[in-house]
Amino acid sequence: MRLRSRQTFNTLITALLTFALYTAISTYHRHVKDKRLANKDVREFVTLNEQDTQESYVDSTPKRNTILIPKPLPPTVPTRRANAAFVMLVRNKDVHGARSAIRQVEDRFNRNYQYPYVFLNNEPFTPKFQELVRTMSKANMTFAQIPEEHWSYPEWIDEDLAEETRYNMRKIIYGWSESYRHMCRYQSGFFFQHEVMLQYDYYWRIEPDVKYSCDIDFDPFLYMQDNNKKYAFTISIIEYPETIRSLWNTTRSFMKKYPHLLAENNSLEFISDDEGETYNMCHFWSNFEIADARWMRGEAYTTFFDHLDRTGGFFYERWGDAPVHSIAAALLLPRNEIHFFREVGYYHQPFYNCPAEPGLRTKCHCDPYQNINREYMACTTKFLELTGGDKMIYPEELEDMEGMQDD
């Protein structure tokens, strides 16, 4: 009886092992067959993509056990563009700030337009700088060195007096800096005349570490071109009076000497509250500006810059390129050729432009309560009143309107 039970048990074990082996072999053969089918399906899908079929995605009933990922479509570059470029004055040590700014510009605008970039430096760009920056965009990039004569003292400057000025202004922002003065002079009168810039009609100035917080779904360059705009800004504030003590008197002497260069219907009222007797310090913050480089290379602007430059104010005081550009635009352009790009959400430490208009807020991630253009030290409202532009909308106004609707 015990022997028969053992034989029965062994027979049962043998049957179970045989069934398990058969199941494993069958499963293996099904897996190999399915894998062959999957590879065949993937090969067919890739072949279809390589032939640039009009189908962006595969058939809605994919083959068994196959996950098909569509080939991404390349960005479409508009066929119509302005003859324009981005320009950045930057040092090798600011490479990461430069890369960050380019990434911002690409994400918000240029990935769809591929406008070229021009980088300028008073020293040669290192291979490492160029390598790292090139990874940020597929657009064409040019790296150029500034001519020495544009980043040095002109022959009429007393360098001892310039050094004494820097010491006396050491407690004023950048008042002690020699390189800052060379930079301001260069940005005021030379960058748009660099040989690599001469091919372009328009430029968009960017600086390291700036941030763009709104999607720009139109082409600002083409807007400038199609609407005959020569200068555009996004922030307007007042200047430090201690840095430009003689700038307005020098400007007034220019106005008397070259009255034929002043534009009719200009914006004198934007920069002076007493018909030109004094300067109210209003200026466009030029770290963001889009401008017609042909205008700046023209007779009126170059004559204005040369007149200022001969007095030595860039070195004997601390004249910035922002008030220089702003005074020139206000006096030498008709007011309808200056434009406020409220749509451009922009940050340069420590100030924001952040629109509150309902149609723009959905395109931005910034806080409209931080908009410097709404503060007492801003001049943008004054500009809009002078030029007849639509007034800025403040977020409090929208909240009041929403509260009335809720009631």
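Residues numbered from 1 in each chain as written. Predicted model: local features only at pLDDT ≥ 70, side-chain atom pairs only at ≥ 80, totals over all residues. Heavy atoms only, no water.

Peer 1: Whenever I open this one, the overall build of the chain confuses me. Can you help?
Peer 2: Regarding its fold elements, the chain presents 15 helices and twelve strands. Looking at the chain as a whole, 49% of its 407 residues qualify as buried. A separation of at least 24 residues holds for 77% of the contacts in the chain among residues at least 6 apart in sequence. (Helix = DSSP H or I, 4+ residues; strand = E, 2+ residues; numbered from the N terminus. Buried < 20%, exposed > 50% of the residue type's maximum accessible area, 1.4 Å probe, protein only. Contact = heavy atoms within 4.5 Å.)

Peer 1: Explain helix 14 (residues 380–387) here, please?
Peer 2: Each α-helix winds once per 3.6 residues, and so residues spaced three or four apart point in a common direction. Buried within helix 14 are the following residues: T380, F383, L384 and L386. Down the axis, helix 14 shows its buried residues gathered within 160° of arc, on one side only. Here the buried face of helix 14 lies against strand 6 (231–233), strand 7 (236–238), helix 8 (268–271), strand 8 (282–284) and strand 10 (338–340). Looking one or two residues past helix 14, G388 carries a phi angle of roughly 75°, positive in sign. (Arc of directions from axis to C-beta.)

Peer 1: Quick question: what am I supposed to make of the pairing of strand 4 (residues 202–205) here?
Peer 2: As a general feature of sheets, a regular strand has side chains that alternate between the two faces. Burial along strand 4 is two-sided: Y202 and W204 facing one way and Y203 and R205 facing the other are all buried. Where strand 1 (residues 84–89) and strand 4 come together, four bridges link them in parallel fashion. By the bridge assignment for strand 4, V87 is matched with R205. The sheet contact formed by strand 4 and strand 9 (residues 289–292) spans four bridges and is antiparallel. By the bridge assignment, Y203 is partnered in strand 9 with A291. (Pairing = 2+ DSSP bridges.)

Peer 1: Would you take a moment to explain the packing of helix 5 (residues 178–189) against helix 10 (residues 299–311) for this structure?
Peer 2: In a pair of packed helices, the angle between the axes and the distance between the axes together describe the arrangement. For the pair helix 5 and helix 10, interaxial distance at closest approach is 10 Å and the crossing angle is 155°. Classed by the angle they form, the pair helix 5 and helix 10 counts as roughly antiparallel. Residues R185, S188 and G189 of helix 5 form the contact with helix 10, whose participating residues are Y301, F305 and D309. Looking at the contact of helix 5 with helix 10 residue by residue, the classes come out as two nonpolar, two polar and two charged. (Axes fitted to C-alpha atoms, helices over the stretch in contact; angles between N-to-C directions. Parallel < 35°, antiparallel > 145°, perpendicular 65-115°, else oblique. Nonpolar A, V, L, I, M, F, W, Y, C, P; charged D, E, K, R; others polar.)

Peer 1: Please explain the pattern of salt bridges as it appears in this structure.
Peer 2: Side-chain pairing between opposite charges can occur once the charged atoms of the two side chains come close. In total, this model carries 18 salt bridges according to the counting rule given. Note that R185 is salt-bridged to D309, the shortest N-O span being 2.9 Å. One end of the pair, R185, is in helix 5; the other, D309, is in helix 10, and 124 residues separate them in sequence. Between R374 and E375 there is a salt bridge; the shortest N-O distance is 3.9 Å. Through salt bridges with shared partners, a single network forms among D201, D292 and R294. (Salt bridge = Lys/Arg side-chain N within 4 Å of Asp/Glu carboxyl O.)

Peer 1: Looking at this model, I keep getting lost on the nonpolar core. Mind explaining?
Peer 2: Inside soluble globular proteins, nonpolar side chains tend to come together where they are buried. Counting residues in hydrophobic clusters, the biggest one holds 64 residues, and the most contacted among them are L120, Y231, I271 and W295. It is helix 12 (residues 321–332) that contributes the most residues to this core, seven residues altogether. In this structure, L120 is in contact with V87, M88, L89, V90, F125, A144, I146, Y186, F191, H194 and V196, ignoring residues within four places of it in sequence. Within the second largest apolar cluster, 43 residues are counted, among which are V105, Y202, W204 and I216. (Core = buried A, V, L, I, M, F, W, Y, C linked by side-chain atoms within 4.5 Å.)

Peer 1: How should the sheet that holds strand 2 (residues 117–121) be read in this particular structure?
Peer 2: Hydrogen bonds along the backbone pair up the strands of a sheet, which may run parallel or antiparallel. Read from one edge to the other, the open sheet built from seven strands follows the order 3-2-1-4-9-6-10, with strand pairing classed as mixed. For this open sheet the edge positions go to strand 3 (141–145) and strand 10, each flanked by a neighbour on one side alone. Pairs of neighbouring strands in the sheet enclose a mean axial angle of 20°, with direction left out of account. Its contacts with the sheet place helix 3 (residues 127–134) against strand 2 and strand 3, and it is angled at close to 155° to strand 3.

Peer 1: How should I be thinking about the side chain of T380 in this particular structure?
Peer 2: Mapped onto the secondary structure, T380 falls in helix 14. If sequence neighbours within four positions are ignored, T380 has contacts with F233, I235, S236, F340, N373 and M392.

Peer 1: Could you clarify how one ought to interpret a negative patch on the surface in this entry?
Peer 2: On the surface, a cluster of negative charge is made up of D158, E159, D160, E163, E164 and E178. For the negative patch, the leading source of residues is helix 4 (residues 159–168), giving four residues. Residue D160 is classed as exposed on the basis of its relative accessible area of 60%. (Patch = residues over 30% accessible without salt bridge, like charges linked within 9 Å, V, L, I, M, F, W, Y side chains within 5 Å. Areas by Shrake-Rupley, 256 points an atom, 1.4 Å probe, with all protein chains shown as cover. Lys, Arg positive; Asp, Glu negative; His and termini not counted. Charge placed at Lys NZ, Arg CZ, Asp CG, Glu CD.)

Peer 1: Please clarify how a nonpolar patch on the surface should be interpreted in this entry.
Peer 2: Side chains of I173, Y174, W176 and Y240 sit close together on the surface and give an oily, nonpolar patch of about 440 Å² of accessible area. Within the fold, Y174 resides in the loop between helix 4 and helix 5.

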